[in-house]
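# Structure assessment
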Amino acid sequence: MPLQFNPVKLFAGTGSKALAHKIAASYGKPLGNVTLSRFSDGEFQPSYDETVRGCDVFLIQSTCQPNDNLMELLLMIDAAKRASAHYITAIVPYYGFSRQDRKDKPRVAIGAKLVANLLQAAGISRIMTMDLHAAQIQAFFDVPVDHLDASVIFVPYIKSLGLNDLIIASPDMGGSYRARTFAKFFNAEVVICDKRRKRANEIESMSIIGDVKGMDVVLIDDVCDTAGTLSKAAGLIMEKGAKSVRAVCTHPVLSGKAYETIEHSALTELIVTDTIPLKRESEKIRVLSTADLFAKAIANVNEHGSISDLFKV
């Protein structure tokens, strides 16, 4: 008996409109219409302007600036469930609160787990995301998780640069596994920047473990927030005699004075994806699109295909 495929409908939250339009174009289906009504006190209510009954619904919304974007996504999930959608997939390119994945000191929340609970309570059937801060966050969910890997986007671009003396660097000890995984694509060595923080977003000291003299260095990270770590690491790497230094970072949070920090840093370029829309353009920031990868993943989910096939570079 042949497989039965339900109708697919794609909808976007206000935080990911631009990316959602690209995903829809790549998938070959227009975005569905959803209206967000706002009240004078800041409350809002999404409503679908078309039927979703019996459909496989894909809701595209990064939860950067999470207070509004996360709540909007939760309400969209609830509305789709109450409108009898067959299957609801939350596509969350950037999973906000992912840096709160454990108790690293007493009496703190585990925000990543709380968000997982909220999404499941709202009614998701599945979640699709990219480059979680910690891969173990997948275990916070009791529904299927499609954890897409941005290396399939970054690796071809890095190869196109033709860097003959390439070496991969991690901006901190915690990112060493990510850097080693990335380095395997190039058969390259890995160096590590050992940093000590005074407090969140403020670095006390940093040192380099490994030799970068005469090398073209590529720093690998998942989130670029204030850009303080990447900027300090890039400056130290150049002081140690590197020929050039670039940074690859999936999610460009870029808060505070991040743009100024990047522009005045030793970085040749910062290579990011469009999981979070840039607040402004910069000559040093290059954006690679995730739209084709997400569109292929949507097709594979709907057609019961393999997601792991998308991870081949």
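Residues numbered from 1 in each chain as written. Predicted model: local features only at pLDDT ≥ 70, side-chain atom pairs only at ≥ 80, totals over all residues. Heavy atoms only, no water.

Position of Thr129 among the secondary structure elements: in strand β6 (residues 126–130). Sequence-distant contacts of Thr129, defined by excluding residues within four places in its chain, comprise Val92, Pro93, Tyr95, Asp146, His147 and Leu148. (Helix = DSSP H or I, 4+ residues; strand = E, 2+ residues; numbered from the N terminus. Contact = heavy atoms within 4.5 Å.)

A few words on unusual backbone geometry. Of note, the phi angle at Ser84 is positive, near 70°, even though the residue is not glycine. Among the secondary structure elements, Ser84 is positioned in the loop between α2 (66–82) and β5 (87–92). The phi dihedral of Asp131 is positive, around 45°, even though this residue is not glycine. Mapped onto the secondary structure, Asp131 falls in the loop between β6 and β7 (145–148). Under the relative-accessibility criterion, Asp131 is labelled buried at 15%. (Buried < 20%, exposed > 50% of the residue type's maximum accessible area, 1.4 Å probe, protein only.)

What follows concerns the packing of aromatic side chains. Counting across every chain of the model gives 4 aromatic pairs. Relative to Phe185, the ring of Phe182 lies with its centre 6.5 Å away and its plane at 75°, an arrangement referred to as edge-to-face. A relative accessible area of 5% places Phe182 in the buried class. Residue class for Phe185 comes out partly exposed when judged on its relative accessible area of 31%. Taking 5.7 Å as the distance between ring centres and 35° as the angle between the ring planes, the aromatic pair formed by Phe182 and Phe186 counts as tilted. Feature note: the residues Phe182, Phe185 and Phe186 constitute an aromatic cluster, connected by ring pairs. (Phe/Tyr/Trp six-rings, centres within 6.5 Å; stacked < 30°, edge-to-face > 60°.)

A few words now on the pattern of salt bridges. Under the counting rule described, the total for this entry stands at 12 salt bridges. Across the pair Arg82 and Asp78 runs a salt bridge, and its minimum N-O distance is 2.7 Å. Separated by 4 residues within a single helix, Arg82 and Asp78 lie in helix α2, roughly one turn from each other. Look at the salt bridges and you will find they share partners, linking Asp165, Asp216 and Lys243 into a network. (Salt bridge = Lys/Arg side-chain N within 4 Å of Asp/Glu carboxyl O.)

Here the focus is the pairing of strand β1 (residues 8–12). Most of β1 is tucked away: 5 of the 5 residues are buried. Burial of β1 is two-sided: the residues Val8, Leu10 and Ala12 facing one way and the residues Lys9 and Phe11 facing the other way are all buried. Relative to strand β4 (residues 56–60), β1 runs parallel, the two being bridged by 5 bridges. The residue bridging Val8 from the neighbouring strand is Asp56, located in β4. (Pairing = 2+ DSSP bridges.)

With that out of the way, let us pick up helix α1 (residues 17–27). What α1 keeps buried is the set Leu19, Ala20, Ile23 and Ala24. Here the buried residues of α1 occupy an arc of 135° about the axis, which is enough to place them on one side. Residues of α1 that are exposed and angled more than 90 degrees away from the buried face: Ala18 and Ala25. Residues of α1 that are buried in the fold lie against β1, β4 and α8 (291–302). Gly28 occupies a position one or two residues after α1 and carries a positive phi of about 90°. (Arc of directions from axis to C-beta.)

Let us look at the state of the cysteines. Enumeration according to the criterion identifies 0 disulfides in this entry. The thiol of Cys64 is not disulfide-bonded; the next cysteine sulfur, from Cys249, is found 13 Å away. Cys64 sits in the buried class, given a relative accessible area of 10%. Just so you know, Cys224 is unpaired, no disulfide at all, and the nearest cysteine sulfur is the one on Cys249, 4.9 Å from it. Here Cys224 falls in the buried class, since its relative accessible area comes to 2%. (Disulfide = S-S within 2.5 Å.)

Mapped onto the secondary structure, Gln45 falls in strand β3 (residues 44–48). With relative accessibility at 47%, the residue Gln45 sits in the partly exposed group. Taking the C-alpha atoms as reference points, Gln45 and Ala79, 34 residues apart in sequence, are found 9.3 Å from one another. In this structure, Gln45 is in contact with Thr35, Leu36, Ser37 and Phe39, ignoring residues within four places of it in sequence.

Each strand in a sheet pairs with another by means of backbone hydrogen bonds, the pair being arranged parallel or else antiparallel. In space, the 5 strands of this open sheet follow the order β1-β4-β5-β6-β7, with parallel pairing throughout. Looking at the sheet topology across the chains shown, the edges are occupied by β1 and β7. Strand-to-strand twist across the sheet, computed as the mean angle between neighbouring axes with direction ignored, equals 15°. Strand contacts of α2: β1, β4 and β5, with the helix running at about 165° to β5, the strand carrying the most contacts. Of the strands in this sheet, β1, β4, β5, β6 and β7 touch α8, which is tilted by about 155° from β6. (Axes fitted to C-alpha atoms, helices over the stretch in contact; angles between N-to-C directions.)

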